[in-house]
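Each chain, letter by letter, is given below.
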Amino acid sequence: MPHSSGGGSHGGGSHGGSHGSHGSSGPRISRTHFHGSRRYVYYNRNNEPKYFYADDKFKPGFHPLRLLVGIFYLPFLIVIFFMFKEALPIVPKNYDHTIIIKDEADVIDNEDALYSELERFMKKTGVTPSVVTVYNESWDTSFSLEEYAYSRYLQEFDDEMHWLIVYSEPIDPNPDFNDWYWEGMQGDDTDSVLKEKYTSMFNEQFHNMLWSGDKVDESLKTSFGYVTDHFSKKPDMSELFSPLFMLGFVLFHAFFMLGIPNLKYRNAVLAPEEGTAGNSAVDVGTYQPRSYDSYTPQSGMNDLYSSQKNNITGYVSKTVVCPYCGITYASKYKRCPGCNAANDNNV
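Residues numbered from 1 in each chain as written. Predicted model: local features only at pLDDT ≥ 70, side-chain atom pairs only at ≥ 80, totals over all residues. Heavy atoms only, no water.

S.K.: What is the right way to look at the overall build of the chain in this model?
M.R.: Across its full length, the chain carries seven helices and 13 strands. Looking at the 347 residues of the chain, the share that counts as buried comes to 38%. When the accessible surface of the chain is summed, it comes to about 20600 Å², and 54% of that surface belongs to carbon and sulfur atoms. (Helix = DSSP H or I, 4+ residues; strand = E, 2+ residues; numbered from the N terminus. Buried < 20%, exposed > 50% of the residue type's maximum accessible area, 1.4 Å probe, protein only. Areas by Shrake-Rupley, 256 points an atom, 1.4 Å probe, with all protein chains shown as cover.)

The structure is reproduced here in C-alpha cells:
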C-alpha cells in the first residue's frame, strides 16, 4: 500500500516520510593419523591416489538426505532477497504511466511546463509523478491531509508505482498568512528508487520555496527538476553491504553444513596403513580374505605338534589376512587388531 514520502504546512514546518508499508557434527577427517582413525584412499582427476584418515562416523558415498539441511537456510535467503530488492533501483515496467495533474484548487498557472518536468522525471527514474491540488475545506473536518492523500492515491491509481503530491490551501486564503499544506504519497514499488535521500531532497526544496512565497507550480517544477538532475540508478554500496555480508556468511556456513567439501571423498575406500604389506588401495568388493590352517612345525617337531593338537578335542586353529592392513590374526576375533576392520570370516 502507498505510504507518506513527507509533507508540511505553513505553520508547522515539514516532516519526512515513512518508508515501508503499513545438526550434529560430521566425521573427523585428517591428512594425518589420529586416535581411532582408519586410513582411506581416493583418486583425483589425474588418477593420483590421495590418502586420508577418518573416524568411524565417515561413510563414503553421497548422502542426499544431508541436503535437507538446506531448508534451514531458506528464511535467511528470503530476507536477503528482499534486502537486495530494496537496495537495487529496479522498477517494474508494466504499469500505468499516465501522469495526472488535477488542479482542483486552481493554483497552477502553467500546467504544460509542469507536465514536461514531471515527464522528464518519469523517464529518468521510472516512477510516475502526479499532482493534485485541493482546498483545506475538502478534508480538514474529517481527515488529516496524510489520510486524505492516502485515500486519494487509492482513488487515482491501482498500482504501487506512482508518486502523488497533494497540495492544499483555503478557499479564501489570508493574504498575510496562507494556511497551505502539502503531502507526498508514494507506492510501495517505488521504494527501491525513491529512496529517502531523494524524497528528502524534494521535501526540503519544495517546502522552502512555498515558505518563500513562490508559486505552487513553479515550486513543484523546480523541486522535481532538482531531484531529476541529481538522481542516479547506481546502487548505493552502503546499502548493499548488509545483504552481501549476510549472503556471504550464509553461503560459507551452508558450504560446510551441506558437506560439499567432502564430496571428493565419495568414492574413497579403505587403504592399508603406511608401512604395512600391500601399501595400495584395496578393492573391497572383489577381495576375499584367505583362510588356512595355522603354521605346522617341520621335521622332528611334527610328532610333538600333532600329539599336542590331538589332545585338544575339537580344536581347529585358523587365521585370516586382513584385506585392509595386511596383518595375519586368528579368525576367532571379530575385528582386526591392527586397523579394527570387521572380520567377515569370524567363527
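S.K.: Even after reading the chapter, I still don't get helix 3 (residues 145-156), so can you show me in this structure?
M.R.: Three or four residues apart is the spacing at which side chains of an α-helix point the same way, because the helix has 3.6 residues per turn. With 12 residues, helix 3 extends 16 Å from end C-alpha to end C-alpha; this agrees with the ideal 16 Å at 1.5 Å per step. Within helix 3, the full set of buried residues consists of Leu145, Tyr148, Ala149, Arg152, Tyr153 and Glu156. Taken end-on, helix 3 shows its buried residues confined to a sector of 140 degrees, consistent with a single buried face. Against strand 6 (101-103), strand 7 (128-135), strand 8 (162-169) and strand 9 (181-186) lie the buried residues of helix 3. (Expected span 1.5 Å × (residues − 1). Arc of directions from axis to C-beta. Contact = heavy atoms within 4.5 Å.)

S.K.: Looking at this structure, I do not really get the sheet that holds strand 4 (residues 38-43). What am I missing?
M.R.: Note: strands within a sheet are paired through backbone hydrogen bonds, in either parallel or antiparallel orientation. With antiparallel pairing, the four strands of this open sheet are ordered in space as 3-5-4-10. The sheet terminates laterally at strand 3 (29-30) and strand 10 (269-270), the two strands that pair on one side only. Direction of pairing for strand 4 relative to strand 5 (residues 49-54): antiparallel, over a ladder of six bridges. Of the residues in strand 5, the one forming a bridge with Arg38 is Ala54. (Pairing = 2+ DSSP bridges.)

S.K.: What am I meant to see in the pattern of salt bridges here?
M.R.: The final tally for this structure, using the stated rule, is seven salt bridges. A salt bridge links Arg152 to Glu104, with the nearest nitrogen and oxygen atoms 2.3 Å apart. Residue Arg152 is located in helix 3, and its partner Glu104 is located in the loop between strand 6 and helix 2 (111-125); the two are separated by 48 residues in the primary sequence. For Arg152, a relative accessible area of 5% gives the class buried. (Salt bridge = Lys/Arg side-chain N within 4 Å of Asp/Glu carboxyl O.)

S.K.: Quick question: what am I supposed to make of the packing of aromatic side chains here?
M.R.: By convention here, two paired aromatic rings are described through the distance between centres and the angle between planes. Under the criterion given, the structure shown has 13 aromatic pairs. The interplanar angle of 90 degrees and the centroid separation of 5.4 Å between the aromatic rings of Trp139 and Tyr181 together place this pair among those described as edge-to-face. Taken as a pair, Trp139 in the loop between strand 7 and helix 3 and Tyr181 in strand 9 lie far apart in primary sequence, 42 residues in all. Residue classification places Trp139 among the buried residues on the basis of a relative accessible area of 6%. Judged by relative accessible area, which is 25%, Tyr181 ranks as partly exposed. When the ring of Phe202 is compared with that of Phe224, the centres are 4.8 Å apart and the planes differ by 55 degrees; the resulting orientation is tilted. Of this pair, Phe202 sits in helix 4 (residues 196-211) while Phe224 sits in helix 5 (residues 216-230), placing them 22 residues apart in sequence. Through pairs of rings, three or more aromatic residues link up here, namely Phe121, Trp163, Trp182, Phe202, Phe206 and Phe224. (Phe/Tyr/Trp six-rings, centres within 6.5 Å; stacked < 30°, edge-to-face > 60°.)

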